Amino acid sequence: MTSSLLKLNPFSQTHFCKLIFSLAFASLVACGNNNTNNTANIDYSKNYPPEDGGTMVDAITGEPSSLIYMVAGESASAAIASNIFNKLLKYDKNLDLIGELAESWQISPDQKTITFKLKSNLKWADNKPLTSADVLFTWRAVIDEKTASPYASDFQLVKKAEAPDANTFKVTYDQAYAPALDSWAGLQILPEHLLKGQNLHTTAFARKPIGSHYYKLDTWNNGENLKLSRNPNSVLGPAKIDKLVTRIIPDNSAQFLELMADNIDSMGLDPIKFSRIVPSRPELEKKLALYKELGNSYTYLGFNLKRKPFDDIRVRLAINYAIDKQEIIDGVYLGLGINISSPYKPGTRWSNPSLQPYGYDVGKAKALLKEAGFIDTDGDGIVELNGKPFAFEILTNQNKEREKSAVLIQRRLRAVGIDVKIRAIEWASFISRFIKTGDFNAVILGWGLGLDPDQFSIWHSSQQKPGQFNFIGYNNQEVDKLLEQGRTELDPDKRMKIYHEFARVLLADSPVVYLSAGYGLSAIHKRIKGIDNPAPPAGVSYNSYDWYIPEPLRRNEISAN
Amino acid sequence: MVKYLIKRVLWMIPMLIGISLISFFVMHLAPGDITNNEASFNPKSSEESRQKLREMYNLDKPVIVQYGLWLKRMGTLDFGNSFATHQKPVFWEKTDEDGNITKGMIQQALPITLMINILGLIITLVLAIPLGIIAAQKYGQWQDKSVTIFNFVGFSIPSFWLSLLLMYWLGVVNNWFPISGLHSINYESMDTWAKVKDTFSHLFMPVIIPSVTGLASITLFVKNGMLDVLFQDYITTARSKGLTEHKVVYTHALRNALLPLITIIGLSIPGLIGGSVIAETIFAIPGMGKLFYDAVLMRDFPVIMGILTIGSALTLIGNLLADVAYAWADPRVRRGVARG
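A. Expanded view of the confidence of the model for chain A. Residues and elements named next belong to chain A. Predicted confidence across chain A gives a mean pLDDT of 91, with 92% of residues reaching 70 or more. Considering each helix and strand of chain A separately, the mean pLDDT is smallest for helix H1 (residues 2–6), with a value of 41, and largest for helix H12 (residues 313–322), with 97. Ignoring residues within four places in sequence, the model shows residues 1–10, a span with pLDDT below 50, making 9 contacts including any to other chains. For the stretch residues 32–37, pLDDT sits under 50, and the model shows 12 contacts to residues farther than four places along the chain or on other chains.

B. Looking closely at the sheet that holds strand S5 (residues 113–118) of chain A. Residue and element names in this part refer to chain A. Spatially, 4 strands are ordered S4-S5-S7-S6 in an open sheet, and the strand pairing comes out antiparallel. Each of the sheet's edge strands pairs with one partner strand only, and the pair in question is strand S4 (102–107) and strand S6 (158–165). In this sheet, adjacent strand axes meet at a mean angle of 15° when their direction is disregarded. Two strands pair when backbone bridges link them, and S5 and strand S7 (residues 168–173) are joined in this way by 5 bridges, in the antiparallel orientation. Residue pairing in the sheet places Ile114 in a bridge with Val171 of S7. Of the strands in this sheet, S5, S6 and S7 touch helix H5 (residues 132–143), which is tilted by about 160° from S6.

C. Expanded view of the interface of chain B and chain A. Each partner contributes to the interface: chain B provides 69 residues, whereas chain A provides 68 residues. Elements with a contribution of two residues or more to the side of chain B that touches chain A: helix H2 (47–56), helix H4 (105–137), helix H6 (159–173), helix H7 (192–213), helix H10 (245–257) and helix H13 (277–282) of chain B. Among the elements that line the side of chain B that touches chain A, the one with the most residues is H2(B), at 6 residues. Here the residues of the side of chain B that touches chain A are counted per class, giving 31 nonpolar, 25 polar and 13 charged.

D. Structural detail: the nonpolar core. Residues A:Ile68, A:Ala318, A:Ala322, A:Leu369, A:Ile394, A:Phe502 and B:Leu291 are the most contacted members of the largest nonpolar core, which totals 208 residues. Sorting elements by how many residues they give to this core places H4(B) first, with 15 residues. Discounting residues that sit within four places of it in the chain, A:Ala322 has contacts with A:Val362, A:Ala365, A:Arg412, A:Leu413 and A:Val416.

E. Looking closely at the pairing of S7(A). Examined bridge by bridge, S6(A) and S7(A) share 5 bridges and lie antiparallel to one another. Directly across from A:Asp165, in S7(A), lies its bridge partner A:Thr168.

F. View of the pairing of strand S10 (residues 243–248) of chain A. Residues and elements named next belong to chain A. Of all 6 residues in S10, 5 are buried, a share of seventy percent or more. Strand direction decides the pairing type here: strand S9 (residues 225–230) and S10, joined by 5 bridges, are antiparallel. Directly across from Ser229, in S10, lies its bridge partner Lys243.

Basis of the calculations
Residues numbered from 1 in each chain as written. Chains lettered and ligands numbered in written order. Predicted model: local features only at pLDDT ≥ 70, side-chain atom pairs only at ≥ 80, totals over all residues. pLDDT = per-residue confidence, 0-100. Helix = DSSP H or I, 4+ residues; strand = E, 2+ residues; numbered from the N terminus. Contact = placed C-beta atoms within 7 Å. Pairing = 2+ DSSP bridges. Axes fitted to C-alpha atoms, helices over the stretch in contact; angles between N-to-C directions. Nonpolar A, V, L, I, M, F, W, Y, C, P; charged D, E, K, R; others polar. Core = buried A, V, L, I, M, F, W, Y, C linked by C-beta atoms within 7 Å. Buried ≥ 20, exposed ≤ 12 C-beta atoms within 10 Å, placed from the backbone.

Listed below in structure tokens is the structure:
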């Protein structure tokens, strides 16, 4: 049996050569199969009037688990679902609240009731009417125990929700709740007629959603891409670009290569690509426009305030003075960051303009350490207290920028006599083994914040249980009171004063060292027109539905799908 | 022979249970669970919701209880639903009351990985066997040396680095091949021939790069096997009988030299279902490697156990097939097995 098989001699030398040639030929057949975009001669900076049509392609690194954001929660889900669903309110270009599904709203004199008046004749993508019944249904779903939505807490504070008529939605809180309007600007309204009685964790709707916003989902090719096309029933009117395709490309370098080859139209960049790579290549500068906008997030060095010596304010201030934040911004972020003095986005009303960030002052740092009792008794360069050298470990997750910042911090602290070791840990282990158990000395982490200034869950002394976000153990009665007041004060100016005071106390207390607030950096292909540059406070994509692709600049689209 | 086979197959069942028990406990050694992912570290999210999710997935029960629940489900060959991807079935598609079919995760990822790995294995064999033979025949001469150098260079080059370079040269500088992904975005509207070409061009780099860089070990096996055989007495006899060198090498020597290769291939069957997570990440291919890696990072226990179970079953089956194939191919082993 074996002899007859092997008589075929596929491996003789002549056959081998034939095989090599056929492989090479086969590869040539596959060549030239791509859209031959002869884009070398097109001038993308030419201006064109707005028109409809075209396809915009972008990329995400992970696949959404579901398109019902209140259950899914991850950024990939938010990115796609935000094109499909509407909320009651939204933020305009200057970050003021305006109506999206709501035409107007009224707050009762006792500040406990908000009455939303919905726009009339709203429709879902399947032509069924969108009414206050859908809003009521969505509220019930988000607070439902069975949904176990991570974002239920804001909505659980609603004592009573009513839909007295098809265009009115009324919510009553136990006491005035200032972040309420912001929460309604975040809740994506779901269709009752399609989801009634369904388990949001298992419903097929999560992969075949029907929404009311500019786009609807056409195809979801698992692991590969999601395709959206214009929703003719869009409650805010039609978008200009006809189709959105989101490709799932997990690797950053692969995404950049696709951007270079014109296969995707936009990408979030890191500082090196933004400042060094794109500007140094004329062929990229010709077709890519770079955008930078201040995000709503910051990185910090947090201390475990329940452990000595971090409970001593002099030690925390000493470390604050010993770290050169501008060096971190310049070295790690190539200058694309801001040294902040409060946990708010600079330039917004919540950010206190009178506060100065801690500067880099080695002398002050050393003096404060000495005052706290730390002296180098044995001359090894490390200070000691009661014979114990000041040494601790900084933990961070596996994020290159945080690791690099840790290295710079380590060097600066060594210069004042503190010995620091760095440990980068995989995320889930980091959270469950160290943060949740409070078993850490110092961490480098970041907060990505929403637009409402309330930071109760991070700084209030009642939020210190395992799994809650005041894991550093901050306990300050004055801050507690300010946070509570800020939640119930609806007047924006009074509220602003409360949070300015909150930021001032926080800076003086220094429970964390603010490292930097980073810029969001992106590159968008110049064929996409209608983008505001420089970006307004709401960011570059606030008007993405008005962006357009002029016909001469569109990709060769072989077929309409 | 049949008795031997039955014994082997029956032994697999307790072995699988033992393997799954150990895997389950090792899996739970890593701290954290599905509720500790980055999305849940959001100041707007509540610990109560995470606790409710843990109860929903039985994560608050003792590990042995969770294992019991898993084993009970496996009794009906129900691999369960994923924690991390909206309860997608782990293995095979499930239909709900409304007739909606949700495809299983392994059902979607496995064919892709199998296609890439089988193509890669074929290319490796097609290239390595002739190279090994040439190296053995021209032992010590320049052909042998260049084959060795070629193999070692390929082996030492980090394949992700080579992949990125080739993606740049073949995809960006010259628009010859697509850079990443499995299909073009307008794949659905292509005709059959265009679809075949599209898939082929997307798979070109992900298949060729690992197979060419992985040639070294198989070439060495073939070369050493051939060298062993070529110095045997029966080869000298064949030559002295006046047979052509071609017949000596290909009809008589080769089949004996390739015997160890059968074992290699049998042992590499479990490897066929494991994709390289690095290659899959770089080329944006939704295969088994990425599935497993993501499941581990997300602590998606049902998916992890599903893949480990299938992997161990395939390893056991692969070992059995390798032994059987070797017995079939080598009469000496066949006689030994028949006796025992």
